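Results of the structural survey
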Amino acid sequence: MNKSISVVLTVILMITVTSCKKDVNSEINKRYMNMESYSARADITVTGNKSTETYEVYQAWRNPTDYRLEILSPENMKGTVYIFKDGIMKYKSRDFKSNELSKSQLNGEYDFADIADFFKRVYESGNTSGFVENSEGKIVVTAKGNGKKDRFSQTLVIDGKLYTPESLTTFNIKGDQVLRVSYTDFKLNPVLDEKMFAE
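Residues numbered from 1 in each chain as written. Predicted model: local features only at pLDDT ≥ 70, side-chain atom pairs only at ≥ 80, totals over all residues. Heavy atoms only, no water.

**Some words on the side chain of Thr-170**
Along the polypeptide, Thr-170 turns up in strand β10 (residues 165-171). Polar side-chain contacts of Thr-170 include one of 3.0 Å to the side chain of Gln-154. With sequence-adjacent residues up to four places away left out, Thr-170 is seen in contact with Phe-112, Phe-152, Ser-153, Gln-154, Asp-176, Gln-177, Val-178 and Leu-179. (Helix = DSSP H or I, 4+ residues; strand = E, 2+ residues; numbered from the N terminus. Polar contact = N/O pair within 3.5 Å; in protein donor to acceptor, adjacent residues only side chain to side chain. Contact = heavy atoms within 4.5 Å.)

**Observations concerning the environment of Thr-184**
Looking at where Thr-184 falls in the secondary structure, it is placed in strand β11 (residues 177-188). Between the C-alpha atom of Thr-184 and that of Ser-167, which follows or precedes it by 17 residues, the distance is 9.3 Å.

**Observations regarding unusual backbone geometry**
Cis geometry marks the peptide bond from Asn-63 to Pro-64; its omega dihedral reads 5°. Examined against the element boundaries, Pro-64 turns out to sit in the loop between β2 (52-62) and β3 (66-73). Of the consecutive residues Ser-73 and Pro-74, the connecting peptide bond is found in the cis state with omega at 15°. If you trace the backbone, Pro-74 turns up in the loop between β3 and β4 (81-85).

**So, the nonpolar core**
With 38 residues, the main nonpolar core has Ile-28, Tyr-38, Phe-119, Phe-131, Leu-156, Val-181 and Tyr-183 as its most contacted residues. For this core, the elements supplying multiple residues, two or more each, are α1 (2-32), β1 (37-47), β2, β3, α3 (115-124), β8 (138-144), β9 (153-159) and β11. It is α3 that contributes the most residues to this core, six residues altogether. (Core = buried A, V, L, I, M, F, W, Y, C linked by side-chain atoms within 4.5 Å. Buried < 20%, exposed > 50% of the residue type's maximum accessible area, 1.4 Å probe, protein only.)

Structure follows, in structure tokens:
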């Protein structure tokens, strides 16, 4: 009798674990596979050879290519705005009026802070079931870069209950952290004013 109960409990446990894994991927895919827009406040930490700098920023993205990053702090960079639209980056700051760079001049590496680019690479690789829940209840997925970005990999950590991003970390080929985006207020599919991408 006890053996029968043990077998039943084992089967139930296996079904539960399998269901959890299925639900994690289903929930993430449902939210982010066809994402139309997002906005977020975040801290971006950039680690160089000699120093580490942290910037508080506001991010906004709208499908397919509109992206805005505005620096909120430190004070000496507050008000600096980068806007990416149709392959062109416009930027302005206290010291510079609006200027432009083409995507080819940027070497394609500006988007390491953009979570929409990360999800695009995940789904283009066909990795719709690679989201794994760890022992802390966080959902984790890693994606390799492409083209010149193959020198890097990125790991996204998602809250296992709210399904909102917590951090997006970029590592170099040696496995050292070079950039980390820590989200403090992430909104999925908000309505974004056209003016945000037209400065």
